[in-house]
Amino acid sequence: MRAVLAAVALTATGLAGCATDPGPATTAATGNDGPTGTVVVLAAASLTEPFTRLASEVEATNPGLTVVLSFAGSSALAQQALAGAPADVLVTASEATMEPVLAADVVAGEPVVVATNELTIAVPPGNPGHVRGAGDLADGDLAVALCAPQVPCGALARDVLAADGVAAAPDTLEQDVKAVLAKVRLGEVDAGVVYRSDVVAAGDAVEHVDLPAGGVAPTRYPMAVLAGAPNPDGAEAFAGAVRSMQGREALSAAGFGPADAVP
Amino acid sequence: MPLLLSVPAAVAVAFLLLPLLALLVRAPWRSLPGLLADPLVVEALRLSLLTATLATGVCLLLGVPLAWVLARTELPGRRLLRALVTVPLVLPPVVGGVALLLLLGRRGLLGGPLLDTFGVSLPFTTTAVVLAEAFVAMPFLVVSVEGALRTADRRFEDAAATLGADRLTAFRRVTLPMVAPGVAAGAVLCFARALGEFGATITFAGSFPGVTRTMPLAVYLALETDPEAAVALSLVLLGVSVLVLLALRRRWTGAV
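Residues numbered from 1 in each chain as written. Chains lettered and ligands numbered in written order. Predicted model: local features only at pLDDT ≥ 70, side-chain atom pairs only at ≥ 80, totals over all residues.

Peer 1: For the overall build of chain A, give the residues involved together with the corresponding values.
Peer 2: Counting secondary structure elements, chain A contains 9 helices and 10 strands. Residues classed as buried in chain A amount to 52% of the 263 residues present. The long-range share in chain A, meaning contacts at least 24 apart out of those at least 6 apart in sequence, stands at 75%. (Helix = DSSP H or I, 4+ residues; strand = E, 2+ residues; numbered from the N terminus. Buried ≥ 20, exposed ≤ 12 C-beta atoms within 10 Å, placed from the backbone. Contact = placed C-beta atoms within 7 Å.)

Peer 1: Give a detailed account of the overall build of chain B, specifying residues and quantitative values.
Peer 2: Per the secondary structure count, chain B includes 14 helices and 0 strands. When the elements of chain B are put in sequence order from the N terminus, they spell out α-α-α-α-α-α-α-α-α-α-α-α-α-α. Overall, the C-alpha framework of chain B stretches about 65 × 65 × 35 Å when taken along its three principal axes. Here chain B holds 256 residues, and 35% of them are scored as buried. For chain B, long-range pairs separated by at least 24 residues make up 74% of all intrachain contacts whose partners lie at least 6 apart in sequence.

Peer 1: Hey, could you go over helix α1 (residues 3-25) of chain B for me, with residue numbers and the actual values?
Peer 2: Residue and element names in this part refer to chain B. End to end, α1 covers 30 Å across 23 residues, agreeing with the expected 33 Å (1.5 Å per residue, within 8%). By the largest-angle criterion, L17 marks the main kink of α1, which is about 35°, and a proline, P19, follows within four residues. Buried residues are scarce in α1, accounting for 0 of its 23 residues. (Expected span 1.5 Å × (residues − 1). Bend = angle between axes of the 7 residues up to and from the residue.)

Peer 1: Before we move on, can you summarise the sheet that holds strand β3 (residues 89-91) of chain A with the specific residues and values?
Peer 2: All names here are of chain A. The strand order across the open sheet built from 5 strands is β2-β1-β3-β10-β4, with neighbouring strands paired in mixed fashion. With one partner strand each, in any of the chains shown, β2 (65-72) and β4 (107-117) form the two edges of the open sheet. If you compare each strand with its neighbour and ignore which way they point, the axes differ by 20° on average. Of the pairings in the sheet, the one linking strand β1 (residues 37-44) to β2 comprises 8 bridges and is parallel in character. Within the sheet, the bridge partner assigned to V39 lies in β2 and is V67. (Pairing = 2+ DSSP bridges. Axes fitted to C-alpha atoms, helices over the stretch in contact; angles between N-to-C directions.)

Peer 1: Hey, could you go over the sheet that holds strand β8 (residues 191-195) of chain A for me, with residue numbers and the actual values?
Peer 2: Residue and element names in this part refer to chain A. Taken in spatial order, the 5 strands of this open sheet run β7-β6-β8-β5-β9, and their pairing is mixed. Every interior strand has two partners, whereas the edge strands, β7 (172-174) and β9 (207-209), have only one. Averaged over all neighbouring strand pairs, the angle between strand axes comes to 40°, with direction disregarded. Pairing geometry for strand β6 (residues 144-147) and β8, over 2 bridges, is parallel. What sits directly across from A145, in β8, is G192. Of the strands in this sheet, β5 (119-123), β6, β7 and β8 touch helix α5 (residues 152-163), which is tilted by about 115° from β6.

Peer 1: For the interface of chain B and chain A, give the residues involved together with the corresponding values.
Peer 2: Contacts between the two partners involve 15 residues from chain B, matched on the other side by 13 residues from chain A. Tallying contributions element by element places helix α13 (residues 215-225) of chain B first for the side of chain B that touches chain A, with 4 residues. Taken together, the residues of the side of chain B that touches chain A break down into 7 nonpolar, 5 polar and 3 charged. (Nonpolar A, V, L, I, M, F, W, Y, C, P; charged D, E, K, R; others polar.)

Peer 1: I'd love a proper account of helix α11 (residues 180-196) of chain B, names of residues and values included.
Peer 2: Compared with an ideal rise of 1.5 Å per residue, which puts 17 residues at 24 Å, α11(B) spans 24 Å between its outermost C-alpha atoms and is within 8% of the ideal. The buried fraction of α11(B) is high, at 14 of 17 residues.

Peer 1: Give me the packing of helix α6 (residues 93-104) of chain B against helix α8 (residues 126-151) of chain B: which residues, what numbers.
Peer 2: Residues and elements named next belong to chain B. Here α6 crosses α8 at 125°, and the two axes come no closer than 10 Å. Between α6 and α8, the angle falls in the class oblique. As for the relative orientation of α6 and α8, their crossing is right-handed in sense. When α6 is examined against α8, the residues P93, G96, G97 and L100 are found in contact with a partner set consisting of L131, A132, F135 and V136. Here the residues of the contact of α6 with α8 sort into 6 nonpolar, 2 polar and no charged. (Parallel < 35°, antiparallel > 145°, perpendicular 65-115°, else oblique. Left-handed = near helix turned anticlockwise from the far one by under 90°.)

Peer 1: So, unusual backbone geometry: which residues are in play, and what are the values?
Peer 2: All names here are of chain A. The phi dihedral of D105 falls on the positive side, at around 65°, and the residue is not glycine. The phi angle at H130 is positive, at roughly 50°, despite the residue not being glycine. You can see H130 is positioned in the loop between β5 and β6. On the basis of neighbour count, H130 is assigned to the exposed category, with 11 C-beta atoms found within 10 Å.

Peer 1: Explain the environment of B:V231 residue by residue, including any values.
Peer 2: Residues and elements named next belong to chain B. Within the secondary structure, V231 is located in helix α14 (residues 227-252). Placed 123 residues apart in sequence, V231 and G108 show a C-alpha to C-alpha distance of 37 Å. Once residues lying within four places of it in the same chain are set aside, the contact partners of V231 are L23, R26, A27 and P28.

Peer 1: Describe in detail the confidence of the model for chain A, supporting the description with residues and values.
Peer 2: Scored by pLDDT, chain A has a mean of 85; 86% of the residues are at 70 or more. In the predicted structure, residues 1-31 of chain A sits below a pLDDT of 50 and forms 59 contacts with residues beyond four places in sequence or in another chain. (pLDDT = per-residue confidence, 0-100.)

Peer 1: Before we move on, can you summarise the environment of B:P181 with the specific residues and values?
Peer 2: All names here are of chain B. Within the secondary structure layout, P181 lies in helix α11. Take P181: there are 13 C-beta atoms within 10 Å of it, and that puts it in the partly exposed class. Remark: the alpha-carbon pair of P181 and R72, spanning 109 residues in sequence, is separated by 18 Å.

Peer 1: Just give me the short version of the nonpolar core, but keep the residues and values in it.
Peer 2: Counting residues in hydrophobic clusters, the biggest one holds 92 residues, and the most contacted among them are A:V180, B:A132, B:A137, B:L141 and B:C190. With 16 residues, α8(B) is the largest single contributor of residues to this core. Setting aside anything within four residues of it in sequence, one finds B:A132 in contact with B:G97, B:L100, B:E197, B:A200, B:T201, B:F204 and B:A205. With 42 residues, the next largest nonpolar core counts A:L42, A:V58, A:A229 and A:A235 among its residues. (Core = buried A, V, L, I, M, F, W, Y, C linked by C-beta atoms within 7 Å.)

Peer 1: Now, about the pairing of β6(A): what can you tell me, with residues and values included?
Peer 2: Residue and element names in this part refer to chain A. What you see with β6 is no split at all: V144 and L146 on one side and A145 and C147 on the other are buried throughout. In this structure, β6 lies alongside β7, joined through 3 bridges in parallel fashion. Paired with A145 across the strands is T172, a residue of β7.

Here is the structure:
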C-alpha cells in the first residue's frame, strides 16, 4: 500500500522518474489526488537552505499541501522522533544519530541516504591567521574551534584529522557546527572545522581552506518516513522531492555531495 | 481555604516539584558513583566551583559599593542607573554572551585594543567564564544588598558621623555589619546563579574540558551521547542548589 501511495505522490509531483520502487501503480493518479494537509519534516540544521527551497517547490506542485520544517541538531531530532513527535519525515546528519530511531522501530521502510557532506576549514574573511591547511590546526598560537567529539561533526573532524596525521590544538569544542561557524564569523577564532555546506550557506562571511578527507568517508544524511506519520501521502511527496533531480540540484548547490559519494 | 486559590497553588507545587522528582526517579543510582568519579565530571565540577566562587568575589567587590551608591547617595540619574544595571537580570544569557564578545572578544570594542596592545585574548579562557558568570550574577547581589541597605536604620550611620567617622569608616564599621545578612544572602544567590550559568558562558567562553566547560555545559553535551551521565551531573547541580537553599532558609522559609 505504501509503495502505491509513494508512486501516487511522486506522479502527482511530476517526479515519477526518480521513484525507487517502480510498480504497476506508477501510471495512476491525476492532479486531484495529490497529498493535502500538513506534512511535518524534522531535518538536521545543516539542511536549512536547500530544504526551505524544496519545501516551497513541493508546495507549489501540490496545492493544498503545507510543508512545516523543523530544523535542529540531529540528536535532538532523533529524541523527538523517539518521543513520538507528530512528524512525518526525519532527516539526520549522520547514520549514527538515526540508529536509535531505527532500533526503536518507529520508521516505515528503510531509510535512504539523500546527501553527503564533507568537512572543510572555515576562516574569517582575509584569513587573518594565514591558515593554509590542516597542519595549521595544530598551531597553539592560532585560535581554533572544533565540534565536540560527542556530536557528529566533531567525531568526523577527529577521524579526518587523525587520518591527516594532525594533532589539533583546539581552543574550544563547540556543541554544534553552527556554533563553530559563528565563532569564525565573529573572528573569535582563526579557523574552525565545519561542513562544506556551512561555508556555502555563510556566503561572504567566511572563506575556506580545503581539509583533505584522508580517506575518511563523508557524513551521510539518511532520510526516513516515520511509521506514525500523520500524513504519509505528504511524507512521500516531500521525500520524493528530496530524491528527485530538483532535490539533488538544490542539495548540490548548497554544498552537499551526492548520496553515492565515495571517499 | 477557597478552592480558587488552593487548586492553582497545588498545581504550582506539582509543576515546580515533579520535574525534580522525575530527575530523582530516573537517576542511574547504581552507576552513579562510577559516573561521578569520571575525571571529566570531576574536572567540570572543580571548574564550576572555582569560577562561581571567583565570580561571587568579583560581584562582592564591585556590587556592594554599587548597591551603596544606589541606596545612599543622591547621584543624579541613579534611578535610571539602577534600571540599567539590573538589565542582565532579565536579558537572555546568550544575548549577554554575544554582548560580552562584542565588547571583549578579539575584535571587540575593548578586546581588540587589548589584543593589539597587550596580546591578551579573553575568549576561551577561564577568566572569560568568570566574567560571563559575574555579568549575569551581579545584579542579584546588587538588588539584594540595596534592599538590605534601604531597610537598614540610617540613624546608626548618622550617629557614627556625629561621632566623627567619615563616610567610608561609617560604611565599613557600621553599615556593612548591619547589612551583613543581606550581603550574605545576595552572595549565595549570586553564587547559585553563577554556578548555573550556561548561555553567556558557552557563547563568550566556549567549551573546553578543564578550561571553560563548566557543569551546565557538561550536562548539555552529555545529553548528546550519554543521557545517564547528564542525569548524574544534573543531580550534582541539584544537590548544590539544595545546599544553597539551606543556606538561605532563614530568609526564605520564614524560620526565624
